[in-house]
Each structure stands twice: as structure tokens, then as C-alpha cells.
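The lines below spell out each chain.
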Amino acid sequence: MSPASTPRATALPGVRPTGGAGHDGPSWAPPRPTAPEASPPPAPLSPGDGAGGPGEGGRDGSRVTTAPDAPRQLSRGRRLWSLLPVAGLLASAGLGFHRVFRPGPLLPVLAVAVLVPMAVAAGLFLAQSRKGRPAPLWPSLVLGAVVWLVAVRVTLFRDAAGGLASGGAVTDIWSALLDSPHAILTTILPAPSGPDFLVLPHAVVWLAALAATELALRTRSPLLPALPCVLAFGFPLVLGVTGPGSNTLLAVGLVVCAALLVLLRSRASRRGTVRVLGTGLPLVAVLALAAALLGPRLPGLSTREPLDLRQDVRPPTVHPQSTSPLDQVAAWLQQPQTRLFTARSTAADRNWRLAVLDRYDGVKWTSGAELERSGGRVPPQPGTDPGRHRRVEQRVTIQNLPGIWLPAVDRPSSVKITDEGAEGDGNRSGGQDDGFGGDGGDGGDGGETRQLAVDPASGVLALGKGGATGDRSHRGLSYTAVSQAPVYDAERLRYAAVPDGSAYTSLPRTDAVGKPIKAVETFSKLAATATAGSSYPYEQAHKLAGWLREHYRFDPRSVPGHGYRNLEFFLTTGKHGTSEQFAASFAVMARTLGLPTRVAVGFRADGDGDKEAAGRGSGGDGGTRQLTGRDALAWPEVRFKGIGWVPFYPTPGQTSQDGSSVPPAGQPEEREKADRDIAEQPRPSVPPQQQGGGKDGDGRAAPADGGGLPAWVFAPLAVALVLLAYCGYAVWAPYRTRTRRRSARDPGRRVLGAWQQIVDRLTEIGLPATAAHTATEVAAFGVERVGGSASEQLPALARLVNEVGYGGRTPDEGTADAAWRHCDAIEEVVARTVPRRERVKRALRPRTLIRHSRSGAHR
């Protein structure tokens, strides 16, 4: 106890509890100002003890009564107000699915899943509570389940007629709910916006909303209603690990709403909602901001990989079974007027890539793509950074392009189907983006649901489940795509290394009986001749492409084929061919040099295709371009460490009769300039160091382990954290002291704690902080300064304090509770009297914190 509250055995006998203005009290007491409107008087307290029992008078014969102790209850109004932070918690948890689904189709689902169950639970609670009896839980659970089925049926699984009746509706919904986690984990995020996927966030948020609302209305716990929301937030955290965006701000919002919920439902709220929020919200905001900024950068967390369940779930990958596009290059060139597709692009010099072939068995190049369904996003290739990028927007309409592959510029980052065409499956419904993954439900008349698929390794696009060569089922299909086309740096390419491993360097070197294949030896010798004098991988690839262009000529009428025998004939005898032979020969010869290669098939951007007047497009590059069979082109690509796959162009841009150097076909101007810079710059006498010395494999400075903030930031950050900790302790210390005083096991210590709490509050309105006051003098000061009904019990409480402190009396539990109810009334009056700024300044004083620390130590 502080010096001002230490009771003495002698007490002033005369105390006037309701004296008027002036100096009729003790000589040190200042005139009593006009007191604010007092709150209703607290329940009278009794100084009764265990010997005399409750209701007996004190030693001076006075008698006060004891009010029965009542359990703490939350008012119905405060329970209803606490639903606001609960709604914020649910919104934060539901919006966590933005990494799993696109915001457009997700937001309506969340609005229904948050508001409807809260309205159902609150409506039942209010309707039953008006009858004056406890509201049972089972009607809310049953009605919540029924309404959920109806809501899901109406919003997600509605049939063509829009009705509710359906024989297998419940079975379909339940099956989709069970399958949706696996479907999401095996889809490239964001997931398709179909009912089979969106049913999961609908059910999770609905269940969390119903549980959180019931806990908020039926329990007194300050934090328990937040538990269902936190559990619901765990679903998008686990399912959306590889999705775009971040949930950091949503996690901060979850913390803020949880803190607001605690403030509205805690005992401190009885001291005034405005006061509690004014004190607690700034601190919560500062802590949330510090967590958002510093949490991801803490040591051990910034480099820690999150848990990804996709590594343990095998996706339903599809290996393409259609004819290799490389086999179709010759056929397209033989029919140069065939219209394949129209395209508009913001980069007129970028080729259109259709498919990538990375496996070679000595007979043909095939694709090792493992197609995974996607909602329109193409994940970036991990571990690669070519440097600068150029954003390329495209719009493509398919005409007579066969097969499952969809053309795009380089490796797209996002794709959106805008029109499925006249021969689609007819499953699109108004207002829904059903082009991604077949979201539209059942197909039309025998039609098959289309599904956008992506190969994460190569970034190529496919649609549907394939079909026989010549299938025109995609005719009329339109889509838009966005690519981040790399702009290569000559300095990085010149000395770039190739990654280790034989995945893209292996070749069949023996025949069926185990004898060496002579063609491989021929390819190796020709490659060594073509790259003589080169030292670095890029220089080897660049010389090999130039050698093929100079010594061989392009002939669109050449015999197709890219097996060992075809390539050997092309390189040694025929010496003319299409881009099929040029690209395949480069890829095979480069593999004999240890360069990882693959073959890409697509269409050249600098061809002689027709231009259509298509109005003013976003690219401003002369309108929509018609791509025909004449534009078919194959080119090889070489993989470099840290840069990724880099295309090369060994095919001559025009027919060469004398083998002279001709421009390469399909090579962008930016790439041509980079190659020219590499060729013209003299070789250094000492090659630059590629490994060690603080450099990574790309010649760039390697970042420090774990990254993190600069060193100079930590000094001001430490000061800010110290100040933040000081302010936090200044807010927490009074609360801790009061809690310890009120929760003491001994009723006598609780009575003395209530008196000490009153003394602390009276000190804020002028009571001198000295040990010279008796309890009776303190009571007289409180009567003079506080006045009203809130101070009427102070004299009796002072006598009880003297008797407990020096007379050996032991009060009962009811008396201790009554003393604290009287303390609550005094604190409420003082809070209205003292300005908030003065209370904050007093709370931040070091001596105030020291006093609270001593009070906590002498519990």
C-alpha cells in the first residue's frame, strides 16, 4: 500500500459525508468543486466478519448492510455490439482465400457466408431471449445447416432453371465439398471459380460465422468467439501457399479485430467504452504495425519455407497424346495459305510459342510436359531471373489450328478465355468465368467441358483433353494473355554457365543391340568444328547457330523428319531443309557439347502474314495479324544457370543459294543487338570470375544470408521498440495491479486492495501523496472532492479499513465484493473528472510505474 493509504489506529471522529462548499472538512482539504453528475450509488457494504457474521455493526455501533454477490454478466447490448468485431474477424479469415481464388467470384460467396449465418443465429437468440428463458442451441444448428444447403444450391449449384428442387443436390454438394481440398491442391492457383471449388470457402466461412456468433451471444469469454475465425483462417494459409499475393495485412486485421473484441467484452469495458477503446486501440494498432513490418524479417523466419501440402499431393497430370507439332511444321509450310489463328500483340517482334519438346529418342522429339489445370495463372519458372522484362499483352482467336496447344508470346504469366467459340461445349453461364477449368457445370449437348491446362516447367498452354490430329474443336476460341518477355543482357549472357545434370543433355548413343550409333559421332565432330575457338557456353551456342545458317539453306519443300538418319542426311548430304531440321540439328549437336537444349515450335512474328484492319488496339502495332502456315517456325533453346531458357535461331531468314551469311528467321531486334555486342567485343585475357568472391552463378553480387534490413535501421528500431515497450508497460501495469488486488484470496486483503485503489484514484484529483493521512482523512477528502452518491459509503469503508488493518477483523466475501463495487463507482467518477490527457501524462510518469511495480511486488 502506498503511504497515503496506510491506516492508523487513531482516526478523526468527526466526518461530515455530505458537507457543503467551503472549508468545513479537514484543514488540508481544498474547497469541494461542483461534482459531475454521479452514477447510481453502489450497493451498501458491510464490515461484518466471520465472528459476528454479515450485517453486524462495527465497533462504534454503526451498521451497514451487505448486498448479495452477483456473477459478472454481459448485457445483451454489449453482446450484440461485439458481433461487429466478429464480422471483421470473419471477413479477414474469408479474404485469406484471395490467394486461392480470384476476388471477383470470391467476394459474393464471402458476403453470403458471413452475413446470413450471423443473421440466423442472432435472430434466433433475440427471439428466444424475449421469452425470458435460455435459448437452446439446437434450433440454431439445425436451421444453420438447412439454410446453408439452400444458399449453396441457389448461389453455386443452381440448375439451368434456377430452381431449388433436385434429386441429387445434397449428394452433389457433399461430394464437391469432400473433393474440393484435393482439387485446389492439385491446381495452379488461382483456382477456377466453379462451384466444385468455391463450395469449400463457402462452407468454412459459414461454419466459422455460425460458431463465432453463437459463442459471442452465449458466453462471457472475451476471446473465445475469435477461435472459429482463427481456425478458418488456417485453411487459406495452407491451401494458398503458392498463390499470388500475401496474407500479412489480413493477419494484422485479424489481430486488430480480436483485440477490439476483447476490449468490448472484457471487465475493463465497464469503465467506459470510449475510455477503453481510446486507450487500447492505439496500442493495438502500433503492435499490429510492428508485427506486420518486423515479423517476416525476424531471424530464422525470413528464409524459412512455408508448409506446402502440394509436395505431398500428386496432381492429376496429363501427358499430351496429340501429334508432335514439330511433325506438322512441314505440313503447314506445304499449305502456306491455311489460316491458323489471328493475333494482336503489343510486341510485334516477339514469336508465338506453341509447344516445347524436350525429349529425344533418336527418332523424334516429344514433349515431356505434365499438364496441370489452372485458373488462368502460369507460375514463374523457379530459380531464374533474366534481368529486365517487357510486358507483352496479346489477344488470340483460334481458326484452324489443330491439337491441344495454345500459342502465346514466350512464357505467359496469365491467361483469360474471353470466348469459347461457336463449337464450344455451351457450358458458359452469364456472369461466370467458366473458361478456366470447366466451371460452368455440365456441358451442352454431348459437349465436353473445356479445361485450361499449364505445364509449370515450360509454361506452355493447352485446352481440353486433346484429341486426334486435325481436331477443330477449338475453332472460334478467343483468349487474352499477358507475358513478361525477357530482355537479355549481353554481359550476363556472355559468361553465363549451364546448370549441372543430364536431364536435357542426354542422347541415345547405342542401338538396340548395344552398338554405338555412328550418327552421334558425326554430330559431335561437326559440333566441334562449328564451335572451334569458343570458350563459354553462350559463345558455343551462338557460333553453332551461325554455322548452320551459313552452311545450309532453307527449303520449305524439303522432306520432313528429324530422326538420326534424317539429320545426318541433312548435315552431310542434302544440306537444305525446313526449320524442323535446323532446330533439331542444333539441339542434338549442342547436346554433344554438353549444352542442355530443347526444341520449341511456334510461329514467327516477322513473317509475311496478312494484316487485318482491326481498329485501334491496345498495342498500336498495326491491328490484328493473320498467322498462316507460312509462318510456322521451329527454334532451339539452351538453358543457362540463373537466366533460364534462351532461344537461338539457326534457320536462315531467306533461301541461300551460295551458303553466304543470311539474317536468322524469327530473331527479335533486341536479341540481334545483344548477339552483335557479344561478337564485336574482344575476348578478355583473363575471364571474369563466375564463382565465389561474393558472386553467384550469374556474376551478380550474392545477397547476404537471409537478406533482412540494413544495419543502420536497427539503432532507431531498437529505440522505437524500447519506447513502445515502455508505453505498453505503462498501460499494462495499472491493469495488473488492479487485477492482483481484486483477485486476492483473502477477503481482508481484497478490502485493503479496494481502499488502495480508491486512494490511487483520489491522488489523481488532488489528494497529497503522503503517509500522514489516516483512512478517515482520506474518506473526508473523497467526500469533499467527489460528492454525490458515489462517496456516501467512503466513511463506512474507512472504518472497515481501520478495523481490518489494525483491529484484526476478517470480512466475508460479500463485504469484499461490495467494497470493490464501491471502488468501481469512485473510479468512474474520477475518470469523468480528470481530462484524458492528464491521465495519460500521469500514467507515463516513471514514479507511477515504480509505484505500480512496488504494489505488484508486495502483493
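Owing to the predicted nature of the structure, the values given are computational and were not obtained by experimental measurement. (Residues numbered from 1 in each chain as written. Predicted model: local features only at pLDDT ≥ 70, side-chain atom pairs only at ≥ 80, totals over all residues. Heavy atoms only, no water.)

Enquirer: Give me the overall build of the protein: which residues, what numbers.
Expert: A tally of regular secondary structure across the protein gives 23 helices and 19 strands. The buried share among the 859 residues of the protein stands at 48%. Accessible surface, the protein: about 39,900 Å² in total, of which carbon and sulfur atoms supply 58%. (Helix = DSSP H or I, 4+ residues; strand = E, 2+ residues; numbered from the N terminus. Buried < 20%, exposed > 50% of the residue type's maximum accessible area, 1.4 Å probe, protein only. Areas by Shrake-Rupley, 256 points an atom, 1.4 Å probe, with all protein chains shown as cover.)

Enquirer: Please set out the nonpolar core residue by residue, giving values where relevant.
Expert: Ranked by size, the top nonpolar core spans 87 residues in total, and within it Phe341, Trp365, Trp405, Phe586, Met589, Phe603 and Phe640 carry the most contacts. Take this core: its biggest share by element is eight residues, from helix α15 (residues 579–592). Within the second largest apolar cluster, 54 residues are counted, among which are Val114, Ile184, Ala226 and Leu254. (Core = buried A, V, L, I, M, F, W, Y, C linked by side-chain atoms within 4.5 Å.)

Enquirer: How would you summarise the packing of helix α5 (residues 169–185) against helix α6 (residues 195–218) if you had to cite specific residues and measurements?
Expert: Taken N-terminus to C-terminus, the directions of α5 and α6 make an angle of 95°; their axes are 7 Å apart at the nearest point. The orientation of α5 relative to α6 falls into the category roughly perpendicular. Contacts between α5 and α6 involve Ile173, Ala176, Leu177, Ser180, Pro181, Ala183 and Ile184 from the former and Asp196, Phe197, Val199, Leu200 and Ala203 from the latter. Class assignment for the residues of the contact of α5 with α6 results in ten nonpolar, one polar and one charged. (Axes fitted to C-alpha atoms, helices over the stretch in contact; angles between N-to-C directions. Parallel < 35°, antiparallel > 145°, perpendicular 65-115°, else oblique. Contact = heavy atoms within 4.5 Å. Nonpolar A, V, L, I, M, F, W, Y, C, P; charged D, E, K, R; others polar.)

Enquirer: Just give me the short version of unusual backbone geometry, but keep the residues and values in it.
Expert: Here Leu189 and Pro190 are connected by a cis peptide whose omega angle stands at 0°. As for its placement among the helices and strands, Pro190 is situated in the loop between α5 and α6. With a phi angle near 50°, Asp410 is a residue other than glycine that sits in the positive phi range. Asp410 sits in the partly exposed class, given a relative accessible area of 28%. Positioned with a positive phi, Lys575 is a non-glycine residue whose angle comes to about 60°. With relative accessibility at 40%, the residue Lys575 sits in the partly exposed group.

Enquirer: Can you break down the pairing of strand β18 (residues 632–640) residue by residue, with the values?
Expert: The buried count for β18 comes to eight of nine residues, which makes it a mostly enclosed element. Relative to β18, strand β15 (residues 597–603) runs antiparallel, the two sharing seven bridges. Looking at β18, one finds that Gly602 is bridged to Leu633. Adjacent in sequence and paired antiparallel, β18 and strand β19 (residues 644–647) are bridged by three residues, among which Gly642 carries a positive phi angle near 80°. (Pairing = 2+ DSSP bridges.)

Enquirer: How would you sum up the pattern of salt bridges? Please name residues and give values.
Expert: Side chains bearing opposite charge may pair, as long as their charged atoms lie close to each other. The final tally for this structure, using the stated rule, is 15 salt bridges. Here Arg218 and Glu214 are joined by a salt bridge, their closest N and O atoms 2.4 Å apart. Of the two residues, Arg218 and Glu214 both sit in helix α6, four residues apart, roughly one turn of that helix. On the accessibility criterion, Arg218 (30% relative accessible area) is partly exposed. Looking at Glu214, the relative accessible area reads 7%, which means it is buried. One salt bridge connects Arg625 with Asp631, and the closest N-O pair in it is separated by 3.5 Å. (Salt bridge = Lys/Arg side-chain N within 4 Å of Asp/Glu carboxyl O.)

Enquirer: I'd like a description of helix α14 (residues 564–574), backed by residues and values.
Expert: Restricting attention to buried positions, one finds in α14 the residues Tyr564, Leu567, Phe570, Leu571 and Gly574. Those residues of α14 that are buried are in contact with β3 (359–360), α12 (518–530), α13 (537–551), β14 (576–577) and α15. A positive backbone phi angle near 60° is found at Lys575, which sits one or two residues after α14.

Enquirer: Report on the sheet that holds β19, specifying residues and quantitative values.
Expert: On the basis of which strands lie adjacent, the open sheet formed by five strands has the order β8-β2-β15-β18-β19 and antiparallel pairing. Pairing within the sheet leaves two strands with one partner each, and these edge strands are β8 (408–409) and β19. The sheet strands contacting α15 are β15 and β18, and the helix crosses β18 at an angle near 15°.

Enquirer: Outline the packing of aromatic side chains, listing residues and values.
Expert: Here the structure, examined in full by the defined rule, presents 15 aromatic pairs. Among the aromatic side chains, those forming a connected cluster through ring pairs are Trp332, Phe341, Trp352 and Phe603. (Phe/Tyr/Trp six-rings, centres within 6.5 Å; stacked < 30°, edge-to-face > 60°.)

Enquirer: So what about helix α2 (residues 83–95)? Which residues, and what values?
Expert: Residue pairs three or four apart in sequence face the same way in an α-helix, which turns once every 3.6 residues. Its 13 residues place the ends of α2 18 Å apart at the C-alpha level, agreeing with the 18 Å of an ideal helix rising 1.5 Å per residue. Of all the positions in α2, only Leu83, Pro85, Val86, Gly88, Leu89, Leu90, Ser92, Ala93 and Gly94 are classed as buried. Buried-residue contacts for α2 involve α1 (76–81), α3 (103–129), α6, α7 (227–239) and α8 (248–265). (Expected span 1.5 Å × (residues − 1).)

Enquirer: Give me the sheet that holds strand β10 (residues 452–454): which residues, what numbers.
Expert: Strand order across the open sheet formed by four strands is β5-β10-β11-β7, with antiparallel pairing between neighbours. Edge positions in the open sheet fall to β5 (372–373) and β7 (405–406), since each of these has one partner strand only. Bridging between β10 and strand β11 (residues 461–463) involves three bridges; their strand directions are antiparallel. For Leu452, the partnering residue across the bridge sits in β11 and is Leu463.

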